[in-house]
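Descriptive analysis of the structure
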Amino acid sequence: MGAYLIRRLITNIGVLFVICVGLFILVRAVPGDPIDVLVPPEVRGSAGPEFLELKRHELGLDQPLVVQFGRWLGDAVTGDFGMSFQYNRSVTGMLLERVGPTVLLMGTALLISWLLAFPLGILAALRRNSAVDYVTAAFSLGAISIPTFFLGIGAIYVFSLKLQVLPSSGMSSPDDGSGLDILRHLAMPAVLLGLAGAGPYVRYVRSGLLSELYADYVRTAMAKGASRLRAVVRHALRNALIPLVTVAALSIPNLLGGAVVVETVFSWPGMGQLAVAATNAQDYPVITGFALLISVLVIASNLAADLLYAVVDPRVRLG
């Protein structure tokens, strides 16, 4: 296990370096100039080209791309992602401020996904080709197919504008901020993000359980007196969950991608909303820092999936 971990870490460092090079080049290859966004047109017209060159020099954009990358990488290794062009603040500090709300949203959504997916997936497998199975399939396919932003706009219209039972945006009210107030603000974005994540899980649980329900060891357990519920939950579901470990670990980056959309629709003050604003303003350091954070999350999720797979299934040997 130790040697495997060391090899994976060395490989991941190489992969991360390639990702850093690609991110840095791609972000700067996008058409447009951050100076045009930072300096208003009326100022740009009256100040002259010398002012624009001075601004470009202050941001380090007049240096060759290799020099810019070397400086950025040297700072990034120490956890410093530079200063935001738009806000003149530390990118690392801005990302850390937004981590909490994003983790709260993603964690709640993930919990909702699992609470919905496991009972529905088990029910669909036990009632195969029945009305329950068809309704569950319609639910999961609908959750996968309908865009989250569309559901978000519809939910705001119904629950905020018409029924006026839930707030439409933000993480808390200016004059409140209590736990109950945060829960009310969290309800719609977390449920919608959880629904989007539950759809694929329902299908995976159903198909995984179907492949185990008719196995010899399940029939043996029932022949020895175990109830059908015990045979399913204690034996079949346990083996069916092994592939789900990989799916669950690899779905976390996708969940973060969905959180970007949900945070934008509901003005949730997380990292996704920050990334969208930075993209509109061509704030290179924030975009690069956010993308690098996602890349690290993807690599860490892959590593966690491999390790968990060996823990859940002792037959798997890492090496």
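All of these numbers come straight from a predicted model, not from anything done at the bench.

The rules we used
- Residues numbered from 1 in each chain as written.
- Predicted model: local features only at pLDDT ≥ 70, side-chain atom pairs only at ≥ 80, totals over all residues.
- Heavy atoms only, no water.
- Helix = DSSP H or I, 4+ residues; strand = E, 2+ residues; numbered from the N terminus.
- Contact = heavy atoms within 4.5 Å.
- Areas by Shrake-Rupley, 256 points an atom, 1.4 Å probe, with all protein chains shown as cover.
- Lys, Arg positive; Asp, Glu negative; His and termini not counted.
- Charge placed at Lys NZ, Arg CZ, Asp CG, Glu CD.
- Expected span 1.5 Å × (residues − 1).
- Bend = angle between axes of the 7 residues up to and from the residue.
- UniProt positions renumbered as here; feature names shortened; annotations may be inferred.
- Buried < 20%, exposed > 50% of the residue type's maximum accessible area, 1.4 Å probe, protein only.
- Core = buried A, V, L, I, M, F, W, Y, C linked by side-chain atoms within 4.5 Å.
- Axes fitted to C-alpha atoms, helices over the stretch in contact; angles between N-to-C directions.
- Parallel < 35°, antiparallel > 145°, perpendicular 65-115°, else oblique.
- Nonpolar A, V, L, I, M, F, W, Y, C, P; charged D, E, K, R; others polar.
- 1 Å grid on protein atoms, 1.4 Å probe; cavity = no way out; pocket = protein on both sides within 12 Å on 5 of 7 lines; lining within 4 Å.
- Points joined across faces, edges and corners; volume = space filled by probe spheres on them.

The next point concerns the overall build of the chain. Regarding its fold elements, the chain presents 13 helices and zero strands. When the helices and strands of the chain are placed in sequence order, the string is α-α-α-α-α-α-α-α-α-α-α-α-α. In terms of overall dimensions, the chain has a C-alpha envelope of 85 × 60 × 35 Å along the principal axes. Pairs at least 24 apart in sequence give 72% of the contacts found in the chain among residues at least 6 apart. Of the roughly 17100 Å² of accessible surface on the chain, 67% is carried by carbon and sulfur atoms. Charged side chains of the chain number 23 positive and 20 negative; the gap between the two group centres comes to 20 Å.

Let's shift gears to helix H9 (residues 179-213). With 35 residues, H9 ought to run about 51 Å at 1.5 Å a step, yet its terminal C-alpha atoms sit only 43 Å apart, falling short of that. Within H9, the axis deviates most sharply at Leu-186, by approximately 40 degrees, and proline Pro-189 lies no more than four positions further along.

The sites that UniProt annotates as "transmembrane region" (unreviewed entry) are residues 9-30, 103-126, 138-162, 182-202, 240-266 and 286-312. Within the segment residues 103-126, helix and strand shares are 100% and 0% respectively, and the terminal C-alpha atoms sit 34 Å apart. In residues 138-162, the share of helix is 92% and the share of strand is 0%. The end C-alpha atoms are 27 Å apart.

With that settled, the discussion passes to the side chain of Gln-68. You can see Gln-68 is positioned in helix H5 (residues 65-77). When near neighbours in sequence (up to four residues on either side) are disregarded, Gln-68 contacts Phe-24, Arg-28, Gly-60, Leu-61 and Gln-63.

With 28 residues, helix H1 (residues 2-29) ought to run about 40 Å at 1.5 Å a step, and its terminal C-alpha atoms sit 40 Å apart, in line with that. Three or more residues of H1 are buried, namely Tyr-4, Arg-8, Asn-12, Cys-20, Leu-23, Phe-24 and Val-27.

If you look at the biggest cluster of nonpolar residues, it comprises 36 residues, and the most contacted ones within it are Leu-105, Leu-193, Tyr-201, Leu-209 and Leu-213. Broken down by secondary-structure element, the contributors of at least two residues to this core are helix H6 (91-126), helix H8 (148-162), H9 and helix H11 (228-265). At twelve residues, H11 tops the list of elements feeding residues into this core. With 27 residues, the next largest nonpolar core counts Phe-24, Val-91, Ile-287 and Phe-290 among its residues.

For the rest of this paragraph, the subject is the packing of H11 against helix H12 (residues 271-280). Where H11 contacts H12, the two axes come as close as 7 Å, and the packing angle between them is 80 degrees. In this view, H11 runs roughly perpendicular relative to H12, as classed from their interaxial angle. Two secondary-structure elements touch here, H11 through Val-260, Glu-263 and Thr-264 and H12 through Met-271, Gly-272, Gln-273 and Val-276. In terms of residue class, the contact of H11 with H12 is built from three nonpolar, three polar and one charged.

Next up on the list: the UniProt feature "domain: ABC transmembrane type-1" (unreviewed entry) in the chain. The UniProt record marks residues 99-305 with the feature "domain: ABC transmembrane type-1" (unreviewed entry), using the residue numbering of this structure. A distance of 22 Å separates the end C-alpha atoms of residues 99-305, which is 83% helix and 0% strand.

Here the largest pocket defines a volume of roughly 520 Å³. The calculated volume of the second largest pocket comes to roughly 290 Å³. In terms of lining, the second largest pocket is formed by 15 residues, of which the most central are Gly-197, Pro-200, Ser-251, Asn-254 and Leu-255. Going through the elements one at a time, H6, H9 and H11 are the ones with two or more residues in the lining of the second largest pocket. A per-class count over the lining of the second largest pocket returns nine nonpolar, six polar and no charged.

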